[in-house]
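Geometric and topological summary
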Amino acid sequence: MKKIVVILTGGTISMYEDANSKSVKPHLSNPLLDKADEMEKMADIIFETPFNLPSPHITPKEMLQIKKIIDRYLEKGGVDGFVITHGTDTLEETAYFLNLTIETDVPIIITGAMRSSNEIGTDGFYNFLTSIRTAVHDQAKSKGVLVVLNDEIHTAKNVTKTHTSNLSTFQSPQYGPIGIVTKKEIVFHYQPKLESKLSIKELTKRVELVKAYAGMDASLFYYLSQMSIDGLVIEALGQGNLPPMCLPGVKALLDKKIPIVLVSRCFNGIVEDIYAYEGGGVQLKQLGIIFSNGLNGQKARIKLQIALEKTNDLKKIESWFHE
Ligand code: ASP
């Protein structure tokens, strides 16, 4: 039997609903552990519970804690896969963080649930089970960190939470899932292109994220230039443009040598220096802003945080954002 390490971190998958108020909250006992016997028919399982948090409470500290648990087992050897259960709100950030920082062929699956353990139609135990099935599957190897929910397998790089409450919330806009889970099989459609791994021990850099909007001016950028930040990600308009009134603030940040990465607030496509009007991509690129290659804002932020642990060389950072 394959050996799987299950890391329980909290989220709706580990919560209960109060029948009267309909509110959902954590509990002292984890409902997934009640099903341990069933899981143990599929794999030899080691449970780790480093913390039990709703995912809006997850910070880089907890992401590093999960990474260190995985690194420890990988160093020892003898483990065939990892399944992490996590709240869905920030699941994509933890998944992408692990994807960028752990170098291994061993499957790492992350899952969650939209309905807590005692709700009608709960998806928690089902997603947990299909994640174990995926983790023990031979073809799950060498695919980076995978997100498995609702019978779909997504890459950490492309997946995002798209719906506040629907079970099919996790989607990979533009690319789709890389595989599906059926009653009998796990079917992979293609092999994802993997990004360079950036090994880090700590996450110490402060990177902020702002979203552009019609009529935005320089104020927020000026405030940010007064704060001690190490980097900024801007979710720009369309193909990578900003309202011209933002520019003095953006320049104030660049004058302070704060690296700025541009992504689009559109959830399909990549940013490029196409428009040559004031505030357009051509000018932004000339100013020294790094254009990213299709990541969403929250993932570009994680990547910039990690990249800044490795180097301050803008050319090097830019090359990572073009992968
Ligand atoms: N708010 C919850 C969390 O992220 C949602 C979930 O787990 O699905 O912890």
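Note that residues are indexed from 1 along each chain, following the sequence as it is written. Residues qualify for local features only when their pLDDT is at least 70, as the model is predicted, and side-chain atom pairs are given and counted only at 80 or more; totals for whole chains, interfaces and linings, by contrast, use all residues. Excluding hydrogens and water, the side-chain values take into account all heavy atoms of the structure.

1. Considerations on the sheet that holds strand β12 (residues 186-188)
In a beta sheet, neighbouring strands pair by backbone hydrogen bonds and run either parallel or antiparallel. When DSSP finds two or more bridges between a pair of strands, those strands are recorded as paired. Put simply, DSSP H or I for four residues or longer makes a helix, DSSP E for two residues or longer makes a strand, and each gets a number counted from the N terminus. A sheet is described by the order of its strands in space; here 8 strands give the open sequence β4-β1-β5-β6-β7-β8-β11-β12, paired in mixed fashion. Of all strands in the sheet, those bounded by a partner on one side alone are β4 (44-48) and β12. Strand-to-strand twist in this sheet, taken as the mean axis angle between neighbours without regard to direction, amounts to 25 degrees. Both strand β11 (residues 179-181) and β12 contribute to a ladder of 3 bridges, which runs antiparallel. Note that in β12 the partner of V181 across the bridge is I186. Against the sheet, helix α2 (residues 60-76) makes contact with β1 (3-8), β4, β5 (81-85) and β6 (108-111), and its axis sits at roughly 160 degrees relative to β5, the strand it touches most. Axes here mean lines fitted to C-alpha atoms, for a helix over just the part in contact, with angles spanning 0 to 180 degrees between N-to-C directions. Residue contacts follow a heavy-atom distance rule, with two residues in contact if any of their heavy atoms lie within 4.5 Å.

2. Some words on the side chain of K299
Here K299 shows up in helix α8 (residues 297-310). The buried charged residue K299 lacks any salt bridge partner; its closest oppositely charged side chain belongs to E92, at an N-O distance of 4.4 Å. Any pair of nitrogen or oxygen atoms within 3.5 Å is treated as a polar contact; in protein, a donor-acceptor pairing is required on top of that, and neighbouring residues in sequence qualify only through side-chain atoms on both sides. Of note is the side chain of K299, whose polar atom sits 2.7 Å from the backbone oxygen of A156. When near neighbours in sequence (up to four residues on either side) are disregarded, K299 contacts E92, Y96, A156, K157, N158 and V159. With a 1.4 Å probe rolled over the protein chains alone, any residue whose accessible area is under 20% of its type maximum counts as buried; one over 50% counts as exposed, and the rest are partly exposed. When charges are counted, Lys and Arg are positive and Asp and Glu negative, with His and the chain ends excluded. The term salt bridge refers to a pairing of a side-chain nitrogen on Lys or Arg with a carboxyl oxygen on Asp or Glu at a separation within 4 Å.

3. With respect to helix α3 (residues 91-101)
For α3, the tally of buried residues reaches 11 of 11 residues, placing the bulk of the element in the interior. Within the sequence span of α3, burial applies to L91, E92, E93, T94, A95, Y96, F97, L98, N99, L100 and T101.

4. Comments concerning the sheet that holds strand β15 (residues 260-264)
Within the open sheet, the 4 strands sit side by side as β13-β14-β15-β16. Their pairing is parallel. The sheet is open, and its two borders are formed by β13 (207-211) and β16 (290-291), each paired with just one other strand. Sheet topology places β15 next to β16; 2 bridges connect them, and they run parallel. When the bridges of β16 are listed, V261 appears paired with I290.

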